[in-house]
Structure formats: structure tokens, C-alpha cells
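Structural description and commentary
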Amino acid sequence: MALSLYPNYPRFLFPTTCNKSSNTRSSYVAPNSITNVPSSNGTLLVKDNKTSFPGKAEADVVVIGSGIGGLCCASLLARYEQDVLLFESHDQPGGAAHSFEVKDYKFDSGPSLFSGFQSRGLQANPLAQVLDALGESLPCVNYDSWMVYVPEGEFLSRIGPTEFYKDLEKYAGPNAVQDWKKLLDTILPLSSAAMALPPLSIRSDFGVISTAAARYAPSLLKSFIEMGPKGALGATKLLRPFSEIVDSLELKDPFVRNWIDLLAFLLAGVKSNGILSAEMIYMFAEWYKPGCSLEYPLHGSGAIVDALVRGLQKFGGRISLRSHVEEIVVENNRAIGVKLRSGQFVRARKAVISNASMWDTLNLLPKEALPKSYIDRVKTTQQCESFMHLHLGFDAEGIREDLGIHHIVVNDWERGVDADQNVVLISVPSVLSPDLAPPGKHVLHAYTPGTEPFELWEGLDRTSSEYKQLKAERSEVMWKAVERAIGPGFKREKCEVKLVGTPLTHKRFLRRNRGTYGPAIEAGKGSFPGHSTPVSQLYCCGDSTFPGIGVPAVAASGAIVANSLVSVSQHSQLLDAVGI
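Residues numbered from 1 in each chain as written. Predicted model: local features only at pLDDT ≥ 70, side-chain atom pairs only at ≥ 80, totals over all residues. Heavy atoms only, no water.

With that settled, the discussion passes to the overall build of the protein. When its secondary structure is counted, the protein shows 16 helices and 22 strands. Partitioning the contacts of the protein with sequence separation of at least 6, the portion at a separation of at least 24 is 73%. By element, 52% of the accessible surface of the protein is carried by carbon and sulfur atoms, the whole surface being about 21,700 Å². (Helix = DSSP H or I, 4+ residues; strand = E, 2+ residues; numbered from the N terminus. Contact = heavy atoms within 4.5 Å. Areas by Shrake-Rupley, 256 points an atom, 1.4 Å probe, with all protein chains shown as cover.)

Among the ten residues that make up strand 17 (residues 386–395), nine are buried, leaving the element largely enclosed by the rest of the structure. Across nine bridges, strand 17 lies against strand 20 (residues 441–452) in antiparallel orientation. Paired with L392 across the strands is L444, a residue of strand 20. Inspection of the sheet shows strand 17 paired to strand 21 (residues 497–501) by five bridges, in the antiparallel sense. Across the sheet, H391 pairs through a bridge with L499, a residue of strand 21. (Buried < 20%, exposed > 50% of the residue type's maximum accessible area, 1.4 Å probe, protein only. Pairing = 2+ DSSP bridges.)

Overall, mixed pairing links the seven strands, which are arranged 11-10-18-19-20-17-21 in an open sheet. One side of each edge strand has no neighbouring strand; the edge strands of this open sheet are strand 11 (153–158) and strand 21. Direction aside, neighbouring strands of the sheet carry axes that sit 15 degrees apart on average. Summarising the sheet, strand 18 (residues 406–410) and strand 19 (residues 423–427) pair through five bridges and their orientation is antiparallel. Each residue of the ladder has a partner; that of H406, found in strand 19, is S427. Lying on the sheet, helix 13 (residues 465–486) is in contact with strand 10 (145–150), strand 11, strand 17, strand 18, strand 19, strand 20 and strand 21; it crosses strand 17 at an angle near 50 degrees. (Axes fitted to C-alpha atoms, helices over the stretch in contact; angles between N-to-C directions.)

Further remarks concern the pattern of salt bridges. Inspection of the entire model under this criterion finds 28 salt bridges. A salt bridge links E136 to K314, with the nearest nitrogen and oxygen atoms 3.0 Å apart. With E136 in the loop between helix 2 (126–134) and strand 9 (140–143) and K314 in helix 10 (residues 302–314), this pair connects stretches of sequence that are 178 residues apart. Take E136: its relative accessible area is 13%, and that puts it in the buried class. The partly exposed category is assigned to K314, whose relative accessible area is 42%. A salt bridge links R514 to E455; its shortest N-O distance comes to 2.7 Å. Pair noted here: R514 is in the loop between helix 14 (503–510) and strand 22 (538–540) and E455 is in the loop between strand 20 and helix 13, with a separation of 59 residues, a long-range link. For R514, a relative accessible area of 26% translates into the label partly exposed. Several salt bridges share partner residues, and in doing so they unite K56, E58, D60, D83, R318, R349 and K350 into one network. (Salt bridge = Lys/Arg side-chain N within 4 Å of Asp/Glu carboxyl O.)

Before going further, it helps to examine the environment of V578. Examined against the element boundaries, V578 turns out to sit in helix 16 (residues 568–578). Spatially, the C-alpha atoms of V578 and V130 are 8.8 Å apart, while their sequence positions differ by 448 residues. Those residues in contact with V578 that sit more than four places away from it in its chain are Q129, D132, A133 and L200.

Turning our eyes to something else, we now look at the side chain of H90. Of note, H90 is situated in the loop between strand 5 (84–87) and strand 6 (99–102). Judged by its relative accessible area of 17%, H90 is buried. Apart from residues lying up to four places away in sequence, H90 is in contact with H98, L321, R322 and F509.

Across the interface, helix 2 lies against helix 10 with an axial gap of 10 Å and an inter-helix angle of 35 degrees. Every pair of crossing elements has a handedness; the one defined by helix 2 and helix 10 is left-handed. Between helix 2 and helix 10, the contacting residues are L127, V130, L131 and L134 on the first element and I304, A307, L308, G311 and K314 on the second. In the contact of helix 2 with helix 10, the residues fall into seven nonpolar, one polar and one charged. (Left-handed = near helix turned anticlockwise from the far one by under 90°. Nonpolar A, V, L, I, M, F, W, Y, C, P; charged D, E, K, R; others polar.)

The next thing to look at is unusual backbone geometry. Of note, the amide linkage connecting F546 to P547 takes the cis form, showing an omega dihedral of 10 degrees. Non-glycine residue R511 carries a positive phi angle of around 55 degrees.

Within the element layout of this structure, K103 appears in the loop between strand 6 and strand 7 (105–108). Between the alpha carbons of K103 and G393 there is a distance of 8.7 Å; along the sequence they are 290 residues apart.

Moving on: the packing of helix 4 (residues 174–187) against helix 8 (residues 254–268). For the pair helix 4 and helix 8, the least separation of the axes is 8 Å and the interaxial angle reads 45 degrees. Taken together, the axis directions place helix 4 and helix 8 in an arrangement best described as oblique. Across the interface between the two elements, A176, D179, W180 and L183 of helix 4 pack against V256, W259 and I260 of helix 8. Looking at the contact of helix 4 with helix 8, its residues break down into six nonpolar, no polar and one charged. (Parallel < 35°, antiparallel > 145°, perpendicular 65-115°, else oblique.)

Turning our attention to helix 9 (residues 277–287). Counting buried residues along helix 9, eleven of its eleven residues qualify, which places the element largely inside the surrounding structure. Residues of helix 9 that are buried: S277, A278, E279, M280, I281, Y282, M283, F284, A285, E286 and W287.

Relative to the helices and strands, Q537 resides in the loop between helix 14 and strand 22. Within the structure, the side chain of Q537 is placed 3.4 Å from the backbone oxygen of K350, a separation counted as a polar contact. Not counting the four nearest positions on each side in its chain, Q537 is found in contact with R334, A335, R349, K350, A351 and V352. (Polar contact = N/O pair within 3.5 Å; in protein donor to acceptor, adjacent residues only side chain to side chain.)

Before going further, it helps to spend a moment on the confidence of the model for the protein. On average, residues of the protein carry a pLDDT of 85, and 86% of them reach 70 or more. In the predicted structure, residues 1–51 sits below a pLDDT of 50 and forms 195 contacts with residues beyond four places in sequence or in another chain. (pLDDT = per-residue confidence, 0-100.)

Below you can see the structure in the form of C-alpha cells.
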């Protein structure tokens, strides 16, 4: 969601692997044509002209979907010298992280709160590790705070080891300070164990014993020794819900408990009773250690997508935009390629990888190719709710100069942070990257994070008055949050761009079943599926697979699948090259 953090923790699932041999090929990168034009972020992308897919209609690996997971997977496979062809249904790459432009305003469509891009080594964001492997840099602007609007008041929340204590003292009292200190004293020593195994080292076969377990055993052992017996015992809870640690410490202060739930929800779309301790501990280590900072990519989140596309291009991969995959073709229980909406068949010599959600992937497969138990499991997996989006472009005149990039509004703690219409996230990235808006203007993205019920919208005609009225009603909570955050200088009627997105928008443009954010799988009650499927040579990556939801998680999933399709030797060489 908004947070781009994910822990480096071990958990292994073992589908069959395919060891690939190297090959040599020329570089060809084109989405549906050979017309090159600058992207909205200034780097080279390729526009389509609605012609049939050009070039050779086969590859070693065909990847479906150019979300962060699909791009990481495809670009790493190209780095491994595999012949890769990636198909994207939309006219822009990036999936939920793509950017778009309206009247010279460049909007982020998804994640906006990041950290760990500038780190290197074991503790780096998994996406940063992938970019490092591709030799791609991502210039960022550093900052250390965001505005919070909660029932107790509003304050500038600063990350770091000491600043948050001042906010707790003022808005919650001394008991909150004591509880927070008790929490940090307990979990920060566990962070070394949570970070001891980089996701880039994981593969989905027994080769993981060499690339992960044996390679990083010394650092993991060292972290346990440094923690001592009590800390080592606590580390056994890394793969349990974070609420178990909170409860064991007997934290009583309601503000602290609510704040922990808010952080968990922003990170993974669930409260503290549904998130793994490892995830939360990694986030706390990133945000509450000396010298920490948040990072926003210059030129917006689309710059991340551009960097991955460049990496794919650099190593000879191909990407085809506006190329909708209609069907995954299965023959003798083996995925042999894909059929495009145009009717063209594209052969996959070694593997097909789907970056679509589990429900959308299911719809691409012939039902007779899958066991009933697999179909039932996918269909009964609970989904997160969808989104409401508000994209605005407006004049900066009259807006305070110290306006921050991020604002979080919580209307009512009692309803819970996962209640609909209760939490609104706001990003004004033009305060850090002015090129995203025309001179003297601001660009803004507000959204309700995975809490909008799809049932309210299901079956509505997008051209109907009923739909338009519901848009106005359900977007009002975002408008009020924006007015509160931006201040009296902001006027709705002065916005030059006003775009309201609904779950139907989410479903339409992102090809997401019911516009969902992803599987609602709670820690301790279920686990994210592995990357193999009942169909031979068909793999999945993205937020429907381990490690789960969020930018770092899907980057890790794409890397795991790519690693699993090459030899242990090739994988180890990549880890050596990255220096982890």
C-alpha cells in the first residue's frame, strides 16, 4: 500500500525448478510497435499503435503483467541471459505503480511512501536489491516526517529514535511513552534476525540451502548470539502475528495500540493481529533507528517502473504494451505459451509466469487443466476491499510553503483503521519533485487504502447518474481530508484537474478482480501461496504469492521466481555481483 517496506525473513516453499542454460540474442524492446517516445518521467519507453505483436512470437519465458513483481521477475531473468517477453494489457507499464499524465500533471497511481532504496547489502529494500542487480540507480529525495491527523489532534510525526516520544508525551501522556519504550527495547534487538536473510537469496527449490541457508548462516547465528537467550527466544515469534508480541508486553495505552494497528494496516492492509512480526520489526528498525530517513523517487513512482524497464531492455528483454493475454495455453498439463486477444499464439519454451492476481490467473486457464481443490482454494480465498482515489492538480498560490509530502487522516479510532471511509492517505509529491506539476502548481493523490467495499459498486453502469452520485458521496471523505491537510488556501473549485477513481476504475485499469488490493490472508491463520501451480511450467509472482502484499514483497516474489528458473551457480553469481 502506501508503505514500501518489507522484512528479509526466511520462509520456504518448494515447487519444481527448471535450471536454464544461457543463450545469446539481440536486444529488442517494443510494446506493439517500434515507435520510441519519451515517457512522462523523461526516460525512454515505447508506445503502441494497436498493431499485432511484432517480432519473434516465442521466448524462453513469457511473463504476463508488468506490475512491480512481473517487471522484477522479467528483468532478472533477462539479467540471467534468458530470452524474456513480457505482455502488458494496459498502455503503460507498472500495474498499480504506473504513472499517468493529465494536462502536464504527472500522477502516481499507487504507492508513495518508501524507504530503503539507498541502502545496500542485507538490509536493503528487496526492490533496491533488484535494481542493484540490474545496474540501475534510483535518485531519491530524503525526508523524515509526515503529518498525522487523529482524534487526539494533529502533529508532524518524525521518524527516528527520540522524536516520536515528544508526540506521545503531548498527545497521549507518560503511560504511552513508557509503553512505546518497552516496545522498542523488546523488538529492535530482534531486527538483526529479521534482516539476516535477503529475499534476493531465496529460491523455491532445495537450492535455497546453498543460496540462502548456508550462505547466510554465519550472520544469522551471529545475530542470535548478540541477542542473548531472551532475544533468541523472542526471535521465534518472527513468523507469528505481531499482536502476540504486543500482548506479551502487556501494552495498555490505547493510543499506542491504535498507532501500532495503523502502522500495520499501512504496511500490509491488516491490523497487528494479522501481520507477521518480522514485517513490523523490520519497519520499526527502518523508522526508529538513528539516522533513518524516508525516500521519494525523483520524478515520481513511475521512475521506479522506468528503471525496471531500462534494466529489462539493457539485458535484451522485450515488453509489449496493450497486448492483452486472453488465455494461458496448456498442453499435456504443461504451459506452452499464451494466446493474445488478437488471436496470436506466442510460444514459451521454458515457462509462463503470471503477475496477475490469483483470481485473474485462474480465469486465464482452461478449467479442465486444474484440479477442483486448486480452483476451490482460489475462489474461497478472502479478498481485501478496493479503493477510492482522488487525483488533483491545483495552483500552489495561497498554499503554505512548508506543506509536507504526506498526510494521514484517521477519523475515528473506535471504528478501527480498517473500516471504510475512516482512514485517508494523501500524497503531494510535487513538494519534493516539482517537475511532476507545471510551474507554480501542485499534484495530489488521496485514497482510502483498501477499505472501499466493491459490493456498493458492483453492477453499476459507469455512465449512469446513480454511479456519478455514488462517486460524489463516497469521495467526500477524501475531499474533506484534503481540505484539512492542505489548509484554507485550497479551494475545490480552483483545481485544474479533478479525477475520482472507484473500485470499478480500479478493476478496469488495473485488471484486478473486483478491484481488490489482494488476498486478505492473516498471519497465523493462513499463508500466502508459493509460486508453482498444478500446471507444469506455469509460475506466479506478485501480491497473490509469498511473501505477500506491498512493493518490497512483490519485488521479492518476482526475484524468487526468476532465481528458481536458473541454476544455483547462476543465482550465486548474481548474489556475488550484488555484494550480499
